[in-house]
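Results of the structural survey
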Amino acid sequence: MKDRSTVVVMDPDACTTPVVDAERVSSVRQALPSEETVQDLAQVFGLLADPGRLRMMAALLEGGEMCVCDLAAATGQSMSGASHALRLLRMRRVVKVRRSGRMAYYQLADSHVRMLFDLAITHARHTEGEPGDG
């Protein structure tokens, strides 16, 4: 029987101590959002991970309040696809609807959604062509 030596490769980013700065860890843990808030955010960001819904939001950011027909035409989506995307966004309070007779007009829900989306676009444009950190 041959004697085989085992080589263990250590991850250079791995900690050798479970907690280095216990006071900071405690402070950060207290400042973290609640589990419910994190779950809500994950659902909103999951909705925003779809290119069609992002185009819808970009159209609303640029055009303000728009009816479903105009949103579908502006984003190149079918009426059915646009309606479905808007329904999902409305359920998560990303957009809001105003009805006038049989027409439904959508707009971004509030200034927070506008800022979030506008910052994301600015960030994407800022980092285009730049190498990553790692």
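Residues numbered from 1 in each chain as written. Predicted model: local features only at pLDDT ≥ 70, side-chain atom pairs only at ≥ 80, totals over all residues. Heavy atoms only, no water.

Quick word on the packing of helix α3 (residues 51-63) against helix α6 (residues 111-127)
Short version of the rule: To obtain an axis, a line is fitted to C-alpha atoms, over the contacting stretch when the element is a helix, and the angle between two such axes runs from 0 to 180 degrees between their N-to-C directions. Where helices and strands are cited, they refer to DSSP runs of H or I of at least four residues and of E of at least two residues respectively, numbered from the N terminus. Just so you know how the angles are binned, under 35 degrees is roughly parallel, over 145 roughly antiparallel, 65 to 115 roughly perpendicular, and the rest oblique. It only takes one pair of heavy atoms within 4.5 Å for two residues to be counted as in contact.
Contact geometry for α3 and α6: axes closest at 11 Å, N-to-C directions at 110°. Classified by the interaxial angle, the pair formed by α3 and α6 is roughly perpendicular. Facing α3, whose interface residues are Leu54, Met57, Ala58, Leu60 and Leu61, α6 presents Val113, Arg114, Phe117, Asp118 and Ile121.

Details of the sheet that holds strand β2 (residues 95-100)
Spelled out, the test is: Should DSSP find at least two bridges between two strands, the strands are taken to pair.
Strand order in the open sheet formed by 3 strands is β1-β3-β2, and the pairing between neighbours is antiparallel. Here the strands that pair on one side only, and so sit at the sheet edges, are β1 (66-67) and β2. Contacting β2 and β3 (103-108), helix α5 (residues 79-91) crosses the sheet at an angle of about 115° to β2.

Quick word on the pairing of β3
For a regular strand, side-chain orientation follows a simple rule: the groups alternate between the two sheet faces. Note: β1 against β3, 2 bridges, orientation antiparallel. Bridge assignment links Cys67 to a residue of β3, and that residue is Tyr105. As judged from the 6 bridges shared by β2 and β3, these two strands associate in the antiparallel manner. Within β3, the residue paired with Val95 across the bridge is Leu108. Hairpin remark: β2 followed by β3, antiparallel, with 2 residues in the connecting loop; positive phi at Gly101, about 65°.

Describing the pattern of salt bridges
The condition is simple: Every case where a carboxyl oxygen of Asp or Glu lies within 4 Å of a side-chain nitrogen of Lys or Arg is listed as a salt bridge. In this scheme, a residue with accessible area under 20% of its type's maximum is buried, one over 50% is exposed, and one in between is partly exposed, where area comes from a 1.4 Å probe on protein chains only.
Under the counting rule described, the total for this entry stands at 3 salt bridges. Asp21 is the partner of Arg24 in a salt bridge, and the nearest nitrogen-oxygen pair spans 3.7 Å. Judged by relative accessible area, which is 36%, Asp21 ranks as partly exposed. The residue Asp40 makes a salt bridge to Arg92 at a minimum N-O spacing of 3.7 Å. Residue Asp40 is located in helix α2 (residues 35-47), and its partner Arg92 is located in the loop between α5 and β2; the two are separated by 52 residues in the primary sequence. Overall, Arg92 belongs to the partly exposed group, its relative accessible area being 26%.

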